[in-house]
Amino acid sequence: MDCYLEQLAGICVSRQRLPDEDLEGLRQLAAAAAGRGTALRVLVAEYLASACGVWADLPGSGHAQELQELKDVASALIRAVSDATVALTEGYESAHWAAIRGEEATRREFVDDLLEGRTDLGRLAERAERFGLRLVGPHSVAVARAMNAPLGAGDDTTRYVEEALTARFSTRDVLITTKDGLLVCVSPAAVPEVPEFFAANVRNAVGEPYQIAVSRPRPGPSGIVRSYQEARSTLDLAALLCLTTPVVRASDLLVFQVLGRDRAAITDLVATVLGGLEQARGGPKALLETLTAYFASGCLNTTTARRLGVSVRTVTYRLTRIRQLTGHDPTDPDERYILQTAALGARLLGWPSRSLQPAD
């Protein structure tokens, strides 16, 4: 600090401002102090304490002939101390934010490697410890999507959810991050209440339509990769099926995932079993909606009519037409499974809104 105090003494005589190169030197001094872990208040207090010695002697005051000249000397010193303090603060804060950005970049790289499985799993587990996350045991992944805007790091929603979960659970029990516009929550299966708590806080924070998908738990770092992929595919599948449920669990959509693995087979099934519905007056839509509601209601005509807002007689007529056009009777337990599987396939393919692509 001695060289900077000599500068202050010189300012008292010249009554000039500290030059830019001296201010830059102070910024570098503060950045170095930040790197050593010195607190900013300690650095500033040390500088001001030394400046008080200059104030006590007040170089230049002996040449002042009038009170105004003495005031000018004091003003020059105060201005220089003020500029120096600002420079120290700027240098310290710049170093601080640079360290934060570096830490954020490291964390983002870790998160990408964790969710995409693109690095050695043993090394990944070691890096996870740095961020307070234990990768032992099964983990599940929940992903949230806001329908109108992507969710990003630092957003109000992201901060709200992260603060709520870290306040409720240990940082070793939860990882909140963002990826590709989604809010992601990784949690151990041993703490099964995390996904539900995550969903509740997303609901509180998001002021727009949203949807959350929760994967099945899987063990180890590679399990997190698979769980993340499953949660994302479940979210996409829910959108494809036009599901409006705020929280969708992957286990509830397994049948659709199984059907979707052989698109050619399910296309053939829908075309073969339900293709005859295209002969209905007005197209197949009303009959397919009736078939779907009928199965969802437990094959009860009264409940189906109530869900569709039509009469029981209309439901009975439509079921008869389905039997006539498809050759399969929805009221027959032996034939019901074929129709139900085909109806699920139709939802997966978006038929009849989308035309069926013939399989080779």
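As the structure is a prediction and not an experimental result, all values here were calculated from the model.

Thresholds applied
Residues numbered from 1 in each chain as written. Predicted model: local features only at pLDDT ≥ 70, side-chain atom pairs only at ≥ 80, totals over all residues. Heavy atoms only, no water. Core = buried A, V, L, I, M, F, W, Y, C linked by side-chain atoms within 4.5 Å. Buried < 20%, exposed > 50% of the residue type's maximum accessible area, 1.4 Å probe, protein only. Helix = DSSP H or I, 4+ residues; strand = E, 2+ residues; numbered from the N terminus. Contact = heavy atoms within 4.5 Å. Salt bridge = Lys/Arg side-chain N within 4 Å of Asp/Glu carboxyl O. Phe/Tyr/Trp six-rings, centres within 6.5 Å; stacked < 30°, edge-to-face > 60°. Lys NZ or Arg CZ within 6 Å of the ring centre and 35° of its normal. Pairing = 2+ DSSP bridges. pLDDT = per-residue confidence, 0-100. Expected span 1.5 Å × (residues − 1). Arc of directions from axis to C-beta.

Caption draft 1: Representation of the nonpolar core within the structure. Phe256, Val270, Leu274 and Leu291 are the most contacted members of the largest nonpolar core, which has 32 residues in total. Among the secondary structure elements, those contributing two or more residues to this core are α8 (220-240), α9 (254-260), α10 (263-274), α11 (285-296), α13 (312-326) and α14 (333-349). Of all the elements, α14 adds the most residues to this core, at seven residues. In this structure, Phe256 is in contact with Leu237, Leu241, Leu344, Arg347 and Leu348, ignoring residues within four places of it in sequence. The next biggest cluster of nonpolar side chains, apart from the first, holds 20 residues, and it includes Val161, Phe198, Ala199 and Val202.

Caption draft 2: Structural view of the pattern of salt bridges. Counting across every chain of the model gives nine salt bridges. Across the pair Arg27 and Glu24 runs a salt bridge whose closest N-O atoms are separated by 3.2 Å. Residue Arg27 and its partner Glu24 are both found in helix α2 (residues 20-36); the two are separated by three residues, about one turn of the helix. Overall, the relative accessible area of 26% leaves Arg27 in the partly exposed class. Its salt-bridge partner being Arg27, residue Glu90 comes within 2.9 Å of it at the nearest N-O pair. One end of the pair, Glu90, is in helix α4 (residues 67-116); the other, Arg27, is in helix α2, and 63 residues separate them in sequence. Taken together, the shared-partner salt bridges in this structure form one network comprising Glu24, Arg27 and Glu90.

Caption draft 3: The arrangement of the packing of aromatic side chains in detail. Counted under the stated rule, the structure contains two aromatic pairs. Measuring from ring centre to ring centre gives 5.5 Å for Phe169 and Phe197, while their planes differ by 85 degrees; the resulting arrangement is edge-to-face. Here Phe197 lies in helix α7 (residues 194-205) and Phe169 lies in the loop between α6 (156-168) and β2 (175-179), a separation of 28 residues in the sequence. Where Tyr294 meets Phe295, the ring centres are 5.9 Å apart and the plane angle is 55 degrees; that geometry is what we call tilted. On the basis of relative accessible area, Phe295 is assigned to the buried category, the value being 11%. For Arg168, the ring lying beneath its charged end belongs to Phe197, and the centroid distance is 4.7 Å.

Caption draft 4: Local environment of the pairing of strand β3 (residues 182-188). Here β3 lies mainly inside the structure; seven of its seven residues are buried. Burial along β3 is two-sided: the face carrying Leu182, Val184, Val186 and Pro188 and the face carrying Leu183, Cys185 and Ser187 are both buried. Summarising the sheet, strand β1 (residues 138-146) and β3 pair through six bridges and their orientation is antiparallel. Counterpart to Ser140 in the pairing with β3 is Ser187. As paired strands, β2 and β3 are joined by five bridges and run antiparallel to one another. Counted as the bridge partner of Lys179 is Leu182 from β3. Following β2, the chain reverses through two residues before pairing antiparallel with β3; Asp180 in that reversal takes a positive phi of roughly 55 degrees.

Caption draft 5: Fine view of the pairing of β2. Burial within β2 is extensive, with five of its five residues counted as buried. Neither face of β2 is exposed, since Leu175, Thr177 and Lys179 on one face and Ile176 and Thr178 on the opposite face are all buried.

Caption draft 6: Up close: the confidence of the model for the chain. For the chain, per-residue confidence averages 83 on the pLDDT scale, and residues scoring 70 or more make up 84% of the total. Here residues 60-64 scores under 50 on pLDDT; set against residues more than four positions off or in separate chains, the count is eight contacts.

Caption draft 7: Spotlight on α13. Here α13 contains 15 residues, and its C-alpha end-to-end distance of 21 Å stays within 8% of the 21 Å for a straight helix at 1.5 Å per residue. When α13 is considered as a whole, its buried residues turn out to be Val315, Arg318, Leu319, Ile322, Leu325 and Thr326. One side of α13 holds all its buried residues, which, seen down the axis, span an arc of 135 degrees. The exposed residues of α13 that point more than 90 degrees off its buried face are Arg313 and Tyr317. In the core, the buried residues of α13 are packed alongside α10, α11, α12 (301-308) and α14. Trailing α13 by a residue or two, Gly327 shows a phi angle of about 80 degrees, which is positive.

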